[in-house]
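Structural features, examined
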Amino acid sequence: ASQKIAAARGRIDQIWQAYYQTPHLAEEQAVAEQLVPLMKSANAALDTLSSIIDRHDHDALVNFIHDQLYQRIDPVSAGFSQLVDMQLQLAQQQFEQSEQRFSVLMRWFLGVLSVSILLTSGLGILIARSVTVPLFHAVRFLQRLAKGDLTTEIEIRGRDEISALFTAMQQMTLSLRGMLSDMSGNACQVASAATQLRAIADNMAQGSDEMSNQAHSVATAGEEMTTTSNAIAHSCQTAADSAQQAYHTASEG
């Protein structure tokens, strides 16, 4: 019995010291402090009990158990029961408070989740519109460009990838305009040169006609001169023949 009492007291002291060093709420701390003097009285009673047991004094043991032991130990048991009830009550309160906080946090979480879903949906719609609408304008711009309409302007906003694409498309349009302008200028120059060449050809044709007319006139004049020369030669021959005949006649006379 003495060994069991010593072992039980050591176990009680160990558990009590471990419990007493942990933080407590104010209500629990007040009940625990009320147990301190009761435990001192109980420990004193246990010392007396151990002494009586060591002496093997049966009559003193019976009287002590009947008159003092339970009167000192029962208040400690009642105090521990009160402490346990207090702990259970505090645990219930903490559980209820935790449950309330959980409910509040759950409502907050659901509210934040709903707001996040709405914001995410709105942001997704904005992002989709920020991508699809510019792409729609880009497609219309390219369709007009494919039809040869280089007068269309595209509006550039921001500095994102879509804006970079629009900038490149606008630069391509300006380059095409410049190329067409150069080609138009070259075509005008070629047309002007062709007009000049046609005028020169017309002048050359006119000059050729004039030269042909002049050559024809020269040929006609040459023919007339040949005819005149022939007539003159014939007249001269006739005159010579006449003169020769007259000479012969004169010689014979």
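Relevant structure appears above.
Residues numbered from 1 in each chain as written. Predicted model: local features only at pLDDT ≥ 70, side-chain atom pairs only at ≥ 80, totals over all residues. Heavy atoms only, no water.

**Observations concerning the overall build of the protein chain**
Within the protein chain, the secondary structure is distributed over four helices and zero strands. Written out in order from the N terminus, the α and β elements of the protein chain read α-α-α-α. The globule rule puts the C-alpha radius of gyration for 253 residues at 18 Å, and the 69 Å found for the protein chain is more than 25% above it. With the principal axes as the frame, the protein chain shows a C-alpha extent of 235 × 35 × 20 Å. Here the protein chain, with 253 residues, has 15% of them falling under the buried criterion. Considering only residue pairs separated by 6 or more positions, the protein chain has 62% of its internal contacts joining residues 24 or more positions apart. Summed over all atoms, the accessible surface of the protein chain reaches about 19,200 Å², with 61% contributed by carbon and sulfur. (Helix = DSSP H or I, 4+ residues; strand = E, 2+ residues; numbered from the N terminus. Rg over C-alpha atoms; globule rule 2.2 N^0.38 Å. Buried < 20%, exposed > 50% of the residue type's maximum accessible area, 1.4 Å probe, protein only. Contact = heavy atoms within 4.5 Å. Areas by Shrake-Rupley, 256 points an atom, 1.4 Å probe, with all protein chains shown as cover.)

**Focus on a nonpolar patch on the surface**
A cluster of nonpolar side chains, namely F102, M106, F109, L110, L113 and I117, defines an oily patch on the protein surface of about 570 Å² accessible area. Looking at the secondary structure, you find M106 in helix α3 (residues 58-146). Residue classification places M106 among the partly exposed residues on the basis of a relative accessible area of 32%. (Patch = residues over 30% accessible without salt bridge, like charges linked within 9 Å, V, L, I, M, F, W, Y side chains within 5 Å. Salt bridge = Lys/Arg side-chain N within 4 Å of Asp/Glu carboxyl O.)

**Comments concerning the packing of helix α1 (residues 2-20) against helix α2 (residues 26-55)**
Interhelical geometry of α1 versus α2 gives an angle of 165° and a closest axis separation of 11 Å. Classified by the angle between their axes, α1 and α2 sit roughly antiparallel to one another. Read as a crossing pair, α1 and α2 show a hand that is left-handed. Of the residues contributing to the contact of α1 with α2, the split by class is twelve nonpolar, four polar and five charged. (Axes fitted to C-alpha atoms, helices over the stretch in contact; angles between N-to-C directions. Parallel < 35°, antiparallel > 145°, perpendicular 65-115°, else oblique. Left-handed = near helix turned anticlockwise from the far one by under 90°. Nonpolar A, V, L, I, M, F, W, Y, C, P; charged D, E, K, R; others polar.)

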